[in-house]
Protein chains: 2
Amino acid sequence: MTDSWANPQPGTRVGGVDLHLDPRGSGLRSGLMDALREAVRGGRLAPGTRLPSSRTLAADLGIARNTVAAAYTELVAEGWLTARQGSGTRVAARAVPRRAEPARAAAPDPRGRPSYNLMPGTPDLASFPRQEWIRAVRRALTAAPHDAFGYGRGEESGRIELRTALAGYLARARGVHASPERIVICSGFAHGLALLGKVLRTRRVREVAVDAYGLPAHRSILAEAGLRTPPLALDARGTRTDELVGPGGTGRAAGVGAVLLTPAHQFPTGGALHPERRAAAVDWARATDGLVLEDDYDGEYRYDRQPVGALQGLDPERVVYLGTASKSLAPGLRLAWMVLPERLVGEVVAAKGETDRLSGTPDQLTLAEFITSGAYDRQIRAARGRYRRRRDQLTAALADAAPEVRVTGIAAGLHAVVQLPPGTEQSTLAAARDQGLALQGLSYFRHPSFPHSSFQHPSFQHPSFPHPSFQHPAAPPGPDALVVGYGTPSDSAWAGALEALCRVLPS
Amino acid sequence: MTDSWANPQPGTRVGGVDLHLDPRGSGLRSGLMDALREAVRGGRLAPGTRLPSSRTLAADLGIARNTVAAAYTELVAEGWLTARQGSGTRVAARAVPRRAEPARAAAPDPRGRPSYNLMPGTPDLASFPRQEWIRAVRRALTAAPHDAFGYGRGEESGRIELRTALAGYLARARGVHASPERIVICSGFAHGLALLGKVLRTRRVREVAVDAYGLPAHRSILAEAGLRTPPLALDARGTRTDELVGPGGTGRAAGVGAVLLTPAHQFPTGGALHPERRAAAVDWARATDGLVLEDDYDGEYRYDRQPVGALQGLDPERVVYLGTASKSLAPGLRLAWMVLPERLVGEVVAAKGETDRLSGTPDQLTLAEFITSGAYDRQIRAARGRYRRRRDQLTAALADAAPEVRVTGIAAGLHAVVQLPPGTEQSTLAAARDQGLALQGLSYFRHPSFPHSSFQHPSFQHPSFPHPSFQHPAAPPGPDALVVGYGTPSDSAWAGALEALCRVLPS
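Predicted model, so just to flag it, every value in this text is computed and none were measured.

1. Examining the overall build of chain A
Here's step 1: When its secondary structure is counted, chain A shows 14 helices and 19 strands.
Here's step 2: Evaluated residue by residue, chain A yields a buried proportion of 61% over its 507 residues.
Here's step 3: Long-range pairs, those at least 24 residues apart, make up 74% of the contacts in chain A with a sequence separation of at least 6.
Here's step 4: Here chain A has roughly 18,900 Å² of accessible surface; of this, 51% comes from carbon and sulfur atoms.

Following this line, the structure appears as structure tokens:
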């Protein structure tokens, strides 16, 4: 085929309509095809219209006849045109309605974005270690076996390289009783929770107890799986595990088959689960054939002491450990992990099914390499220092700007609870919106069927317990409070965000 | 805290059991914690056992008292031990049953793997362009905005960079009417089909017609969504779209709300859908408010002519286009895409829900960069040449070794249909197993409710149609046939696989 480029933008009239070829495409043939398709699609070339012979059109356009003939043939094959002996080439006989669709550019969100963001739940994305990650990609992809790029039959739990790296890391850093065979990779905590919800529902569980304050999205995920989510009260020692009742018991949480907890750092109120409560949760699971779902979303970030080890170690057959790279590295990786009781591994993999082979091999292999090479530990150490400084700056700034406002919760994670005078949460949030500061109130997290009045003022003081990490100089948060995500801003935005926060606090 | 490293592997007896510290961990404190946890977990330290005072144990072990005190405190916090004034430190009072779990190494699949693999559906994984991919990772991650690493709120359809790159590529290479707003990224064709099944079921569709021969997994996915899958016969022109009946019609495919097709290259029988059938499918969708699901799994790989453009271009509001990187690059990327009618975009994103934010940002951004930089086109051009040579070698080898066996299907994609003498498919597959050759028979793909006897011998010859691409010198495959995936082996395994195939064919 010889495409002639002599005429830079050839055009003619076909079936009474102007036909211009755009030669920017991959050649005149495809340019002619595009022009004819558009003319048919837009209704300018009506169904049944007879097209000029390839010889005529080629002469009109000043291009090779072969080019036109090839374009006609392909458009016939695609169904735009028909070609019959004796009847020539025509537009296919069918109505082709389509409204014009303007080409929309990929513009940024036109809605006004807040200038400062202190919403909880996200680490500082600017500190994602891009260059370290790129180096890990190179090492991981260079070393990977060929079949790492395949469908991963038999690897439904996730790549063995990643599960092996995680088993070592979690045992060492979080006291998790982990082996690669117990680990299932998922694309985020929410995905893992959805899979567990499916498994629990298949096991005829009807209720999963949750904290009275927690992420609404987590309750929704369980509800979508067909599970009710009775709330457990929180007090100075964390979740009231005594509300979990044994076999044959009665009350709000009777009939519960599992409980979702954040033992290392209650989200959002910020305490650690008291040791007796940790034991009580496991004891309850053993007595009732129940399951504890341990959401260890930021367990590595503890500032005043070594992190408390995972609850899962107490009974790996009764506790599902869930961890994520979303706080330690970046949510955009979409990588999280479950360490499961042995008897549940097969059921969880089955719940994933054929369609749920989620995470791409390159990202999985890279995280494995990132952990094995020690880059993950370095990243967490660096982040721990950075977030601790921010927490200290937050506490100092608030003590200075609003001495009557108190910061509560243990020194951990990426958020703090800022207690407000009664009745001022909503007005503070409104002031924040006016100032262009994205901010979350504590009431957002309250379980809808948990009565406001029965909030038990978690103080995270454990008077009977000697370790200083369970004591905090601040008073308990009342029902009016802010949940301040001090991890969210970039370093350059942090000072401004802190100033904006101080401005909107009730004086 | 001062950990003493003077004693490399300290040990003593605690509560009547030997306690040895493994100093390979992150220090003596954590080594002591590990040892105590293991002793409790293994039942060697019974519940209620009183532990020596921190002073005593420290002296016994020859380590600092602070180290022991810190370990005790943390184990109390984790719930392994209890500490009460006057009663000392004890093992927490609860039974701790756990059977020993041997540390299992990450060993390769112990089941014997076949020596050669000609199963269809996978490209040559050895040809994944690792170094090009790594370079694209570096460019993509260096240029990405910070919020690319976030949760991707508002990006539930997939990263805008990837959707923009795909819109351009699909319009140019496949004639798809695409815009970034119409595209939803998914983690594979199966995932996309599951989402569409959910949307169709929500729209009260009860049946999706499928080809009489196709992937059983696709039928299962639709069935799991609550959809029946009546089969459409195949003949010389591809899918018998005339079996799709209009509103008020009767017959096997009455009541169908959508049809799943592989128009460019029927899987597995290997023909292209005849232009009249393409038109008929779209006409049916318009007349019945139905939907065509176009599975364009290997549309780029056409060897005898330019690829036929996508059916979707005929009516973007009636056809869902589904493409994938699984054949063009590698299944391990878990990246595929849907180009949707405008009215369905919101419903598909809603079907994804909170838990289904699948693909990691690095892999998505890298594929976008890979496409935009031209590396994707280069990879496809190279692969097209490689697979075409293999197809020619397959045809030549079979003509030589088994002249009575015929290869059918258009010259396209990664598989060919090798027609066998009647009644010899099962014995040929058994012979292949004996020879260590993984091979798939055509009967595997037959719809269970499609009668064997009504197979209509698709010949992929279109006598009324002039273009040579619709003619093939070979005869139609009968019901006994092999579906040979000639893309699957690596270059080094290809010759051996071909020889093994020739050996097992009926003589």
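Now, onward.
2. Some remarks on the state of the cysteines
Here's step 1: Throughout the structure, instances matching the rule amount to zero disulfides over all chains.
Here's step 2: For the unlinked cysteine Cys186(B), the closest cysteine sulfur is that of Cys186(A), found at 19 Å.
Here's step 3: The buried category is assigned to Cys186(B), whose relative accessible area is 1%.

3. Description of the sheet that holds strand S15 (residues 406-408) of chain A
Residues and elements named next belong to chain A.
Here's step 1: Judged by pairing direction, the sheet is antiparallel, and its four strands sit side by side in the order S15-S16-S19-S18 without closing on themselves. Of all the strands in the sheet, the pair left with one neighbour each is S15 and strand S18 (440-441).
Here's step 2: In the sheet, strand S16 (residues 415-419) pairs with strand S19 (residues 481-485) via five bridges, with the strands oriented antiparallel. Directly across from His-415, in S19, lies its bridge partner Gly-485.

4. A short note on the interface of chain B and chain A
Here's step 1: In this complex, chain B contributes 92 residues to the contact, which on the side of chain A involves 92 residues.
Here's step 2: Roughly 7,800 Å² is buried in total at the junction of chain B and chain A, and carbon and sulfur atoms are behind 55% of that figure.
Here's step 3: Our count for the contact surface shared by chain B and chain A stands at zero salt bridges.
Here's step 4: Our count for the contact surface shared by chain B and chain A stands at 19 residue pairs in polar contact (both at pLDDT 80 or more).
Here's step 5: Element by element, the count of residues in the side of chain B that touches chain A is highest for helix H4 (residues 130-143) of chain B, at nine residues.
Here's step 6: Partitioned by chemical class, the residues of the side of chain B that touches chain A number 40 nonpolar, 24 polar and 28 charged.

5. Thoughts on the pattern of salt bridges
Here's step 1: Taken as a whole and assessed by the stated rule, the structure comprises 42 salt bridges over all chains.
Here's step 2: Close ionic contact of Asp377(A) with Arg172(A) constitutes a salt bridge, the shortest N to O distance being 2.9 Å. One end of the pair, Asp377(A), is in helix H12 (residues 375-401); the other, Arg172(A), is in helix H5 (residues 160-174), with 205 residues separating them in the sequence.
Here's step 3: Taking relative accessible area as the criterion, Arg172(A) reaches 46% and is therefore assigned partly exposed.
Here's step 4: The shortest N-O distance in the salt bridge between Asp34(B) and Arg37(B) comes to 2.9 Å. One end of the pair, Asp34(B), and the other, Arg37(B), are both in helix H1 (residues 28-41), three residues apart, so they sit about a helical turn from each other.

Conventions we followed
Residues numbered from 1 in each chain as written. Chains lettered and ligands numbered in written order. Predicted model: local features only at pLDDT ≥ 70, side-chain atom pairs only at ≥ 80, totals over all residues. Heavy atoms only, no water. Helix = DSSP H or I, 4+ residues; strand = E, 2+ residues; numbered from the N terminus. Buried < 20%, exposed > 50% of the residue type's maximum accessible area, 1.4 Å probe, protein only. Contact = heavy atoms within 4.5 Å. Areas by Shrake-Rupley, 256 points an atom, 1.4 Å probe, with all protein chains shown as cover. Disulfide = S-S within 2.5 Å. Pairing = 2+ DSSP bridges. Buried area = accessible area lost by both parts, 1.4 Å probe. Salt bridge = Lys/Arg side-chain N within 4 Å of Asp/Glu carboxyl O. Polar contact = N/O pair within 3.5 Å; in protein donor to acceptor, adjacent residues only side chain to side chain. Nonpolar A, V, L, I, M, F, W, Y, C, P; charged D, E, K, R; others polar.

Limitation: the analysis is restricted to geometry and does not speak to function.
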